[in-house]
Amino acid sequence: TRDWSSDVCSSDLDVLLFVFGEIDCRAHILKQADIRTMTFKQVVEEVVDSYLEMVLRYLDKGFDILICDAVYSANNMEGNTDLEFPYFGTVEQRNKVTAYFNFLLKDRSNQYGYSFLESPVNLINPNTLRTNELFYADSVHLNQRLFIPVMKMIKSQYPVFSEMDLFFYRIKYFFILKKKWLGHL
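> Could you give an account of the packing of aromatic side chains, naming the residues involved and the relevant values?
Here the distance between the centres and the angle between the planes together describe a pair of aromatic rings. Per the counting criterion, the structure on display carries seven aromatic pairs. Taken together through their ring pairs, the aromatic side chains of Phe18, Phe20, Tyr51, Tyr58 and Phe63 make up a single cluster. Lysine 41 extends its terminal NZ or CZ atom over the ring of tyrosine 100, reaching a point 5.1 Å from the ring centre.

Structure, rendered in structure tokens:
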């Protein structure tokens, strides 16, 4: 595969933020565990190890690495007949997978020396494994209520980010969303 990092990033200046795992936890891990007659934990271990092997390639190139936890599954997926966002299992099962994925990803990230960014709020109720709908824009994507807390957490780990960086990122993010929404009208 082509390495895009040298075209768009500088290892002297840029921090690479990796945000992966949501689709795996929502649609693939439980399904693969079922097909391969494995526990979901065994599948998660394979996925996390593969993920971190890929990240290691960028660490070896001198990049600072920041890994973000996977987003939990929203409650309103059940009964969804629109396969734009496929899923497998109940929300409780998927969130149990995501919790283990995040636990293992954080643990292994610490072993490798990667910075790990956890969501600053509880996205799920730990007793019911149901999702806190307040933070979701739809059945998959988080809304902007988490934007400022997450950006502040990034800034706390990487003080090179200024308030102006966060401001311009937010404007860029707003225009991407606006373009997406206008495209659907």
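Now that the structure has been shown, the text picks up again.
> Please provide a residue-by-residue account of helix α5 (residues 147–157), values included.
All buried positions along α5 are accounted for by Phe147, Met151 and Ile154. Down the axis of α5, the buried set is contained in an arc of 55°. They therefore lie on one face. Facing away from the buried side of α5 by more than 90 degrees, the exposed set consists of Lys152 and Ser156.

> Describe the pattern of salt bridges, naming the residues involved and giving the relevant values.
The full count for this structure, using the stated rule, is four salt bridges. For the salt bridge of aspartate 49 with arginine 108, the shortest nitrogen-to-oxygen distance reads 2.4 Å. Note that aspartate 49 is positioned in helix α3 (residues 40–60) and arginine 108 in helix α4 (residues 91–112), a separation of 59 residues in sequence.

> Explain the sheet that holds strand β1 (residues 15–18) to me, and be specific about the residues and the numbers.
The strand order across the open sheet formed by three strands is β1-β2-β3, and the pairing between neighbours is parallel. Of all strands in the sheet, those with a lone pairing partner are β1 and β3 (115–117), marking the two edges. Looking at each pair of strands side by side, their axes are set apart by 25° on average, direction ignored. Both strand β2 (residues 64–68) and β3 contribute to a ladder of three bridges, which runs parallel.

Thresholds, definitions, all that
Residues numbered from 1 in each chain as written. Predicted model: local features only at pLDDT ≥ 70, side-chain atom pairs only at ≥ 80, totals over all residues. Heavy atoms only, no water. Phe/Tyr/Trp six-rings, centres within 6.5 Å; stacked < 30°, edge-to-face > 60°. Lys NZ or Arg CZ within 6 Å of the ring centre and 35° of its normal. Buried < 20%, exposed > 50% of the residue type's maximum accessible area, 1.4 Å probe, protein only. Helix = DSSP H or I, 4+ residues; strand = E, 2+ residues; numbered from the N terminus. Arc of directions from axis to C-beta. Salt bridge = Lys/Arg side-chain N within 4 Å of Asp/Glu carboxyl O. Pairing = 2+ DSSP bridges. Axes fitted to C-alpha atoms, helices over the stretch in contact; angles between N-to-C directions.

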